[in-house]
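Listed here are the chains, written in short residue letters.
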Amino acid sequence: MQIIVIYPGTFDPITNGHLDLVARASRLFHKVIIAVADNAGKAPLFSLEERVSLAKQAAASHTNVDVIGFGNLLVDCARQHGATVILRGLRAVSDFEYEFQMAGMNRNLAPELETLFLTPPEQYTFISSSVIKSIAQLHGDISSFVPEIVYQQLLKKFSQD
Ligand code: COA
């Protein structure tokens, strides 16, 4: 049986922490779909098209990884793409409550989907897209936390500040 896993998030922008998860999932599953949520409510710095493009370039070395954008319910998006597993990262205990609630709601909406959690290695446990953006805005060095393409785009976004 071919197992397709969907990895949803806002990815504003995608970081090395996200990519670490993608790399490990690509070894575990036949196909990984990085699903970039429109998530206008989060007022993203990068447009949906930019976030999808950055994720595509950052994950290009994995032949079994696809990147899509979505604006509907995650469970509907998963069904549309034949995914049976939702992948999320758990960085710290503080992630747990939110992830537990989301996994429970998604199970209620679509009982056939399983949510699976992977934990990142220690050097990525404190990374989040917001932290990366605020350091970049103040011209701090974020080069070890994001792929080169994201680094260049963040420099561009904040070059006027
Ligand atoms: N490495 C680095 N950072 C990570 C990470 C990892 N492994 N895992 C999570 N993060 C960070 C993200 O960068 C993000 O940081 P930020 O808040 O500073 O931007 C934060 O942790 C969590 O955000 P993210 O993983 O992007 O998830 P989200 O909470 O923004 O989005 C969705 C959650 C998109 C999956 C959810 O809103 C969704 O499913 N939306 C679709 C609509 C829907 O179905 N809603 C009902 C859900 S029950």
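Since the structure is predicted, the reported quantities are computational estimates derived from the model, not experimental observations. (Residues numbered from 1 in each chain as written. Predicted model: local features only at pLDDT ≥ 70, side-chain atom pairs only at ≥ 80, totals over all residues. Heavy atoms only, no water.)

1. Details of the layout of surface pockets
So, point 1. In this model, the largest pocket occupies a volume close to 1000 Å³.
So, point 2. Along the walls of the largest pocket sit 39 residues, with Pro8, Gly9, Thr10, Lys42 and Arg88 positioned nearest its centre.
So, point 3. A per-element tally of the lining of the largest pocket places helix H4 (residues 93–109) first, with seven residues.
So, point 4. Tallied by class, residues from the lining of the largest pocket come to 18 nonpolar, 13 polar and eight charged. (1 Å grid on protein atoms, 1.4 Å probe; cavity = no way out; pocket = protein on both sides within 12 Å on 5 of 7 lines; lining within 4 Å. Points joined across faces, edges and corners; volume = space filled by probe spheres on them. Helix = DSSP H or I, 4+ residues; strand = E, 2+ residues; numbered from the N terminus. Nonpolar A, V, L, I, M, F, W, Y, C, P; charged D, E, K, R; others polar.)

2. Focus: the nonpolar core
So, point 1. In terms of nonpolar packing, the biggest core is built from 34 residues, with Ile14, Ile34, Val36, Leu87, Ile132, Ile142 and Leu154 touching the most fellow members.
So, point 2. Sorting the residues of this core by element identifies strand S1 (4–9), helix H1 (16–28), strand S2 (31–37), helix H2 (48–58), strand S3 (65–70), strand S4 (85–89), helix H5 (129–137) and helix H6 (148–157) as the ones contributing at least two each.
So, point 3. Not counting residues within four places of it along the chain, the set of residues in contact with Ile34 comprises Tyr7, Phe11, Ile14, Val22, Ala59, Val65, Asp66, Val67 and Ile68.
So, point 4. By size, the runner-up hydrophobic cluster in this structure holds 15 residues, among which are Phe70, Leu74, Cys77 and Ala110. (Core = buried A, V, L, I, M, F, W, Y, C linked by side-chain atoms within 4.5 Å. Buried < 20%, exposed > 50% of the residue type's maximum accessible area, 1.4 Å probe, protein only. Contact = heavy atoms within 4.5 Å.)

Shape is all these values report; function is a separate question.
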